[in-house]
Amino acid sequence: TWHLKKIPQIVRERTFSLDSPKFEAKTKLELNSVCGIECQRRLPVPSLSDLKNLLSYETVFENGTRTLTEVNVLGAVLDPAGNTTTRRPSRKKRQIYGTDSRFSIYDKRFMTNFPFNTAVKISTGCSGILVSPKHVLTAAHCLHNGKDYVKGSKRLRVGLMKTKSRGNGRKHKGAKRNGTPSFQWTRVKSTHIPKGWFKGVSGDIALDYDYAVLELKRPHKRKYMELGISPTIKMMPGSMIHFSGFDNDRSGQLVYRFCSISEESNDLFYQYCDAEPGSTGSGIYLRLKEPNKKKWKRKIIAVYSGHQWVDINGEQQDYNVAVRITPLKYAQICFWIHGNDDNCTQG
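Just so we're clear, the structure is a prediction, and the values are computed from it rather than from any experiment. (Residues numbered from 1 in each chain as written. Predicted model: local features only at pLDDT ≥ 70, side-chain atom pairs only at ≥ 80, totals over all residues. Heavy atoms only, no water.)

Enquirer: Which residues make up the state of the cysteines, and what are the values?
Expert: Joining two cysteines, a disulfide is a covalent bond between their sulfur atoms. With the rule as written, the count across this model stands at one disulfide. Covalently, Cys126 is tied to Cys142 through a disulfide, its sulfur atoms 2.1 Å apart. With the S-S bond torsion at -95 degrees, the cross-link from Cys126 to Cys142 turns out left-handed. Linking Cys126 in the loop between strand S7 (119-122) and strand S8 (127-130) with Cys142 in the loop between strand S9 (135-138) and strand S10 (157-163), this pair joins segments that are 16 residues apart in sequence. For Cys126, a relative accessible area of 0% gives the class buried. (Disulfide = S-S within 2.5 Å. Helix = DSSP H or I, 4+ residues; strand = E, 2+ residues; numbered from the N terminus. Buried < 20%, exposed > 50% of the residue type's maximum accessible area, 1.4 Å probe, protein only.)

Enquirer: Describe unusual backbone geometry, with residues and values.
Expert: Of note, Phe23 is a non-glycine position whose phi angle comes to about 55 degrees, a positive value. Along the chain, the position of Phe23 falls in the loop between strand S1 (9-18) and strand S2 (31-34).

Enquirer: Please set out the nonpolar core residue by residue, giving values where relevant.
Expert: With 67 residues, the main nonpolar core has Leu137, Val158, Tyr211 and Leu227 as its most contacted residues. Grouped together as the second largest cluster of nonpolar side chains are 17 residues, Trp2, Ile241, Phe269 and Tyr304 included. (Core = buried A, V, L, I, M, F, W, Y, C linked by side-chain atoms within 4.5 Å.)

Enquirer: Give a detailed account of a nonpolar patch on the surface, specifying residues and quantitative values.
Expert: On the surface, Val45, Leu48 and Leu78 cluster together into a nonpolar patch covering about 220 Å² of accessible area. Position of Val45 among the secondary structure elements: in the loop between helix H1 (37-42) and helix H2 (48-55). (Patch = residues over 30% accessible without salt bridge, like charges linked within 9 Å, V, L, I, M, F, W, Y side chains within 5 Å. Areas by Shrake-Rupley, 256 points an atom, 1.4 Å probe, with all protein chains shown as cover. Salt bridge = Lys/Arg side-chain N within 4 Å of Asp/Glu carboxyl O.)

Enquirer: Now, about helix H4 (residues 327-338): what can you tell me, with residues and values included?
Expert: End to end, H4 covers 16 Å across 12 residues, agreeing with the expected 16 Å (1.5 Å per residue, within 8%). Taken as a whole, H4 has its buried residues at Leu328, Lys329, Tyr330, Ala331, Gln332, Ile333, Cys334, Phe335, Trp336 and Ile337. In the segment just after H4, Gly339 is the residue with positive phi, at about 80 degrees. (Expected span 1.5 Å × (residues − 1).)

Enquirer: Describe H2, naming the residues involved and giving the relevant values.
Expert: Buried within H2 we find Leu51, Leu54 and Leu55. Down the axis, H2 shows its buried residues gathered within 85 degrees of arc, on one side only. (Arc of directions from axis to C-beta.)

Enquirer: Before we move on, can you summarise the confidence of the model for the protein chain with the specific residues and values?
Expert: With 77% of its residues at a pLDDT of at least 70, the protein chain reaches an overall mean of 79. Note that pLDDT drops below 50 for residues 88-98; the model gives that stretch 29 contacts with residues more than four away or on any other chain. A low-confidence stretch, residues 167-176 (pLDDT under 50), is modelled with five contacts involving residues beyond four sequence positions or located in other chains. (pLDDT = per-residue confidence, 0-100. Contact = heavy atoms within 4.5 Å.)

Enquirer: Could you give an account of the pairing of S7, with specific residues and numbers?
Expert: Across three bridges, the pairing between S7 and S8 is antiparallel. Within S8, the residue paired with Ala119 across the bridge is Ile129. Hairpin connection between S7 and S8: a loop of four residues separates the two successive antiparallel strands, and Gly125 in this loop has a positive phi of roughly 110 degrees. (Pairing = 2+ DSSP bridges.)

Enquirer: Talk me through the environment of Gly75; I want residue IDs and the actual numbers.
Expert: Position of Gly75 relative to the elements: it lies in the loop between strand S4 (66-74) and strand S5 (86-87). With 69 residues separating them in the primary sequence, Gly75 and Lys6 have C-alpha atoms 8.8 Å apart.

Enquirer: Which residues make up the pattern of salt bridges, and what are the values?
Expert: Here the idea is simple: oppositely charged side chains can pair when their charged atoms come close. According to the stated counting rule, one finds nine salt bridges in the structure shown. A salt bridge links Lys134 to Glu215; its shortest N-O distance comes to 3.6 Å. Taken as a pair, Lys134 in the loop between S8 and S9 and Glu215 in strand S12 (residues 212-216) lie far apart in primary sequence, 81 residues in all. The class for Lys134 is partly exposed, based on a relative accessible area of 24%. Residues Lys189 and Glu215 are paired through a salt bridge, measuring 3.6 Å at the closest nitrogen-oxygen approach. On the criterion of sequence distance, the pair formed by Lys189 in strand S11 (residues 181-194) and Glu215 in strand S12 is long-range, its members being 26 residues apart. Under the relative-accessibility criterion, Glu215 is labelled buried at 17%. Counted as one network, the salt bridges with shared partners bring together Glu62, Arg187 and Lys217.

Pasting the structure below:
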């Protein structure tokens, strides 16, 4: 069941103008030597003043101007357990070995319907997910490398799926596919990135804040997916997660996959879903029961950060990481979507 949780409040304190970004960073779809499982265990618990700093955010507008908004955090429950990771016994090497468990979605009845229609393509080469009539959730590193905004993010666009009909709309004889997605591209009006993503600039990048929200210039009329608060592995049916994105090795296809989570920390899930660059930024979702109702509902509980190489005891190891939507991140993303926290009090 989706459990209701009391959500902390994010309150805007001050907004400053900053210099326009250079937009010169290279887009990296894979990150190296980020803070991994072992490193996470050693991280101290953030204090309230740390949280205020980490959850303050930059906004970049389509004309290239940039602001920094400082926030206050009210009603946050600081977890004394810190960044402990929970291990599960199953550990298998990632990448795509043996059977590739990804599904390409060809049938346009599926492609243009919920939940697959919520997947979008970001013009810098990543994926994202629709979270409101005007907002898309994606990974921060699709737009910013920790020091500067990536080259393509100055004229950022989001591709919403539409399906090509062949010829006059009738299906050709022998055509195996009902449609390959083409995209209706929409300009992005502004992007929000938490300051926590910039904090690792001196050395390691911490993935805990690898998420961003894009506001579209024009609203769309599609069904979007609501945010949820990420439950622990134990509270998930079969500990399974699902996500769809546009993997680079399957050009022009929407690729869906599901897998179980292997380990978790307070802010991250570690899993071994088959995934290739391009699916980074996809929304990871679950289907759970609505409290006191018979209805089931899918909600986004994490953002897929991608395939990472990390240093573990001096050795490079790889796994897939997703950034969990914690009550604090839920409050922040919800605040970005609504501009206030009236709609964000119950997760």
